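# Understanding the architecture of this molecule
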Amino acid sequence: MPEKKVLIHADGVKKYFPSSEGFKTKYVKAVDNVSLDVYKGETLGLVGESGCGKSTFGRCLLRLFDITGGTIEFNGKDIYAMSPNDLIKERRNMQLIFQDPLASLNPRLRIRQIVEEPLHFHKEQLDFDINDKAKVREVVDKTLRDVGLDPDLCADRYPHEFSGGQQQRVGIARALILKPDFIVCDEAVSALDVSVQAQVLNLLEELKKEYDLTYLFISHNLSVIKHVCDRIAVMYLGQVVELADRDVLFSNPQHPYTKALISAIPIPDPEKKRNRILLEGDIPSPMNPPSGCRFHTRCYECGENCGCSEPSMIEVEPGHFVACHKFDK
């Protein structure tokens, strides 16, 4: 089996946001010591409760936030050590699909202008002359068709004239126009109806094959994650607690938090019963996370040393990593 190529290597990534409280400055530890690899051609799912740091981590991978600590390499290059000019050149290979499609589109621009705009910003890296209006029109029209939109009907209209699913297709077209290597899908379907979600998910799968894309797919919906992802990372309070292939994670979850999440997935069968794991207590504040394992305050398998020291990521089987003290030797 050929060795997988690492497209993104994140090592010990931290992102703290300062927050003033009286005369003291405290820090919200949105992402705290996250290490993982994203392989070329895969869809890596990032799942967890709201506020666990998924979107922040995705933006760190694109250098939309300056990280507090750690390193992030894209294609073997440290993006946080790049000069501004080198970063601009690399940005065409890293794109983002936003959660709210309408809010991410300029209401004063027509669809053709929105999709075409990245070409003008990265004109020096294109393999054609940006002043060749016929060629630009051809590229924009092809991209719109690739995402399921007819350029003759929609290119001269404004974002508010479209449905949510169509608006998200415009956002996808804008991300695709530069033919990137890597796209962060930040809750890309959560604002859409279920039937439209399926259409957009299938579209993303088709585009992945056609454009040879790599996705980081951020979601809190495990059913969606199961449908589209190859591997899945589970986050809790700024840290990754489990990482495994999709089938392994759903068939044999090891971390107590992952088990609780999977037990909450609805089953479309009223006769079938599932042993639901209900977590007690509230999610701790990321400004003042618990000592030791961050999940120990809500964990139903909590042991004596869980509140004393942070567990390290242990490979319990090939490709399956878990951060839990029950695997300490």
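Described below are features of the structure shown in this document. Keep in mind the model is a prediction, meaning the values are calculated, not measured.

## A look at the state of the cysteines
Tallied over the full model, the rule gives 0 disulfides. No disulfide involves cysteine 52; its sulfur sits 13 Å from the nearest other cysteine sulfur, which is in cysteine 60. As a non-bridged cysteine, cysteine 185 has cysteine 229 as the owner of its nearest cysteine sulfur, 9.0 Å distant. By relative accessible area, which is 0% here, cysteine 185 ends up buried.

## Thoughts on the nonpolar core
In terms of nonpolar packing, the biggest core is built from 62 residues, with Leu119, Leu144, Ile172, Leu207 and Phe217 touching the most fellow members. If you tally residues by element for this core, the top one is helix α7 (residues 194-211), at 7 residues. Contacts of phenylalanine 217, omitting those with residues within four sequence positions, involve Thr43, Leu44, Gly45, Leu46, Cys185, Val189, Leu201, Leu204, Val224, Ile225, Val228 and Cys229. Listed in part, the 32 residues of the second largest apolar core include Cys52, Met94, Val184 and Met235.

## Overview of the pattern of salt bridges
All chains considered together, the criterion is met by 15 salt bridges. Glutamate 42 is the salt-bridge partner of arginine 231, the closest N and O atoms lying 2.8 Å from each other. Highlighted residues: arginine 231 in strand β9 (residues 231-236) and glutamate 42 in the loop between β2 (24-39) and β3 (43-47), separated in sequence by 189 residues. One salt bridge in this structure joins glutamate 49 and arginine 298, with 3.4 Å as the shortest N-O distance. Pair noted here: glutamate 49 is in the loop between β3 and α1 (54-61) and arginine 298 is in the loop between α10 (256-263) and β11 (313-317), with a separation of 249 residues, a long-range link. When its relative accessible area of 24% is taken as the criterion, glutamate 49 is described as partly exposed.

Conventions and cut-offs
Residues numbered from 1 in each chain as written. Predicted model: local features only at pLDDT ≥ 70, side-chain atom pairs only at ≥ 80, totals over all residues. Heavy atoms only, no water. Disulfide = S-S within 2.5 Å. Buried < 20%, exposed > 50% of the residue type's maximum accessible area, 1.4 Å probe, protein only. Core = buried A, V, L, I, M, F, W, Y, C linked by side-chain atoms within 4.5 Å. Helix = DSSP H or I, 4+ residues; strand = E, 2+ residues; numbered from the N terminus. Contact = heavy atoms within 4.5 Å. Salt bridge = Lys/Arg side-chain N within 4 Å of Asp/Glu carboxyl O.

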